[in-house]
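Chain by chain, the residues run as shown.
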Amino acid sequence: MSEGGENAIEKLFHGIDPTNKRIVNIGSGLGGVGQYLARTYNARITGLEINPWMVEESTRRIPDNLKTLVDFALLTDNASLPFASASLDIVCSKGVFAHIKNKEPLFSEVHRVLKPGGIFLINDWLSPLQETWSDRVKKMVELDGLTEIIMFAQTPERYVQILQDTNFSTVKTTDQTQEYSLCNREIVEKLATLTADKKNELNHIFGPSFVQNAIDGYTLIAQAQEQRELLVYKFIAYKS
């Protein structure tokens, strides 16, 4: 689940018109962002994903009326994006880059493939302390079946510095932490009010404690955001 759904995509692109633009979505998952932008704005979208099965599944899910606008590809090297220099209008990513420790090679590649005046649009999880997560966030990671090393804690200030170091001329930041805490509370409420049959179905597919672990995990996310132990920021970076 990506918090906020279509409303969060609209907020990510607030003030930026994606109509008819050439856009790459890094960390495209099952393709929801790409489909929405193509359907709503007639944008031409390529989704990049590191998981081969997600590329296959997101490709399978493309509706017939969007197949000329949307495609998905496997990303095998963060330091080499499969696009010509100065060929893209917008590169966007939602909740992905916290899993990348060394962001500079990828951000430099994004700068290369964007046209002059192009936009790098990011929504990501951050920490108020560099290289440190709170105990609550660490517990959330454990419940999610991850390991702590998969998420790397960076402050908003360090994030801006990385974008500037990779030649983006202007960086604008927006703190979205409070609105995302509300999104996660909504997810908890929806999970908690599932019917017994639906909970049993999900637990049968994904494991006996799946639903309760999801409820506990999203509760911890919301609490961490409410206590500002886990921050959510939007970054708009421009190529001059």
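As shown above, the structure is provided for reference.
What counts, and at which threshold
- Residues numbered from 1 in each chain as written.
- Predicted model: local features only at pLDDT ≥ 70, side-chain atom pairs only at ≥ 80, totals over all residues.
- Heavy atoms only, no water.
- Phe/Tyr/Trp six-rings, centres within 6.5 Å; stacked < 30°, edge-to-face > 60°.
- Buried < 20%, exposed > 50% of the residue type's maximum accessible area, 1.4 Å probe, protein only.
- Helix = DSSP H or I, 4+ residues; strand = E, 2+ residues; numbered from the N terminus.
- Contact = heavy atoms within 4.5 Å.
- Patch = residues over 30% accessible without salt bridge, like charges linked within 9 Å, V, L, I, M, F, W, Y side chains within 5 Å.
- Areas by Shrake-Rupley, 256 points an atom, 1.4 Å probe, with all protein chains shown as cover.
- Salt bridge = Lys/Arg side-chain N within 4 Å of Asp/Glu carboxyl O.
- Pairing = 2+ DSSP bridges.
- Arc of directions from axis to C-beta.
- Core = buried A, V, L, I, M, F, W, Y, C linked by side-chain atoms within 4.5 Å.
- Axes fitted to C-alpha atoms, helices over the stretch in contact; angles between N-to-C directions.
- Parallel < 35°, antiparallel > 145°, perpendicular 65-115°, else oblique.
- Nonpolar A, V, L, I, M, F, W, Y, C, P; charged D, E, K, R; others polar.
- Left-handed = near helix turned anticlockwise from the far one by under 90°.

1. A word on the packing of aromatic side chains
Using the criterion set out here, one finds eight aromatic pairs in the structure. A network of ring pairs unites the aromatic residues Phe97, Phe107, Phe120, Tyr159, Phe168, Tyr233 and Phe235 as a single cluster.

2. Considerations on helix 3 (residues 52–60)
Here helix 3 has its buried residues at Met54, Val55, Glu57 and Ser58. On its buried face, helix 3 sits against strand 2 (44–49) and strand 3 (70–74).

3. Here's the deal with a nonpolar patch on the surface
Nonpolar side chains collect at one region of the surface, where Ile205, Phe206 and Phe210 lie side by side and expose about 310 Å² of accessible area between them. Topologically, Phe210 is positioned in helix 9 (residues 210–226).

4. Points about the pairing of strand 3
Bridge count between strand 2 and strand 3: five bridges; the pairing is parallel. Residue pairing for strand 3: Thr46 is matched across the bridge by Asp71.

5. Observations regarding helix 5 (residues 135–143)
The set of residues buried in helix 5 consists of Val137, Met140 and Val141. For helix 5, the arc enclosing every buried residue in end-on projection is 100°, short of the 170-degree limit, so these residues lie on one face. With respect to the buried face of helix 5, the exposed residues turned more than 90 degrees away are Asp135 and Glu142. Where helix 5 is buried, its residues contact strand 5 (114–126) and helix 9.

6. Some remarks on the nonpolar core
Inside soluble globular proteins, nonpolar side chains tend to come together where they are buried. In this structure, Ile26, Val91, Phe97, Phe107, Val110, Phe120 and Leu163 are the most contacted members of the largest nonpolar core, which totals 28 residues. Elements with a contribution of two residues or more to this core: strand 1 (22–26), strand 4 (88–94), helix 4 (104–113), strand 5, helix 6 (156–165) and strand 7 (231–238). Residues in contact with Ile26, not counting those within four places in the same chain, are Leu48, Leu75, Val91, Cys92, Ser93, Lys94, Val96, Phe97, Leu106 and Val110.

7. Digging into the packing of helix 1 (residues 5–12) against helix 2 (residues 32–41)
Between two packed helices, the angle of one axis relative to the other and the distance separating the axes together describe the packing. In contact at an axis separation of 11 Å, helix 1 and helix 2 are set at 70° when each is read in the N-to-C sense. It follows from the interaxial angle that helix 1 and helix 2 lie roughly perpendicular. Mapping the contact onto sequence places Glu6, Ile9 and Glu10 in helix 1 and Gly32, Val33, Tyr36, Leu37, Arg39, Thr40 and Tyr41 in helix 2. For the contact of helix 1 with helix 2, a count of residues per class yields five nonpolar, two polar and three charged.

8. Side note on the side chain of Thr177
Topologically, Thr177 is positioned in helix 7 (residues 177–192). A residue is classified by how much of its surface remains accessible, and Thr177, at 1% relative accessible area, is buried. The residues touching Thr177, leaving out its near neighbours within four places in the chain, are Gln225, Arg228, Leu230, Leu231 and Val232.

9. Things to note about the packing of helix 5 against helix 9
Between helix 5 and helix 9, the least distance of the axes is 9 Å, while the angle of their chain directions is 155°. Between helix 5 and helix 9, the interaxial angle falls into the category roughly antiparallel. Along this stretch, helix 5 crosses helix 9, giving a crossing that reads as left-handed. For the pair helix 5 and helix 9, the contacting residues are Arg136, Val137, Lys139, Met140 and Leu143 in the first and Asn213, Asp216, Gly217, Leu220, Ile221, Gln223 and Ala224 in the second. Partitioning the contact of helix 5 with helix 9 into residue classes produces six nonpolar, three polar and three charged.

10. Some words on unusual backbone geometry
With a phi close to 60°, Asn20 is a non-glycine residue in the positive phi region. Here Asn20 is to be found in the loop between helix 1 and strand 1. We note that Glu131 has phi near 65°; this positive angle belongs to a residue other than glycine. Along the chain, Glu131 falls in the loop between strand 5 and helix 5.

11. Side note on the sheet that holds strand 6 (residues 170–175)
On the basis of which strands lie adjacent, the open sheet formed by seven strands has the order 3-2-1-4-5-7-6 and mixed pairing. Lying at the two open borders of the sheet, with one neighbouring strand each, are strand 3 and strand 6. With strand direction ignored, the average angle separating the axes of adjacent strands in the sheet is 15°. With six bridges connecting them, strand 4 and strand 5 associate as parallel partners. Bridging from a neighbouring strand, Lys94 pairs with Asn123 of strand 5. Of the strands in this sheet, strand 4, strand 5 and strand 7 are in contact with helix 1, which crosses strand 5 at around 130°.

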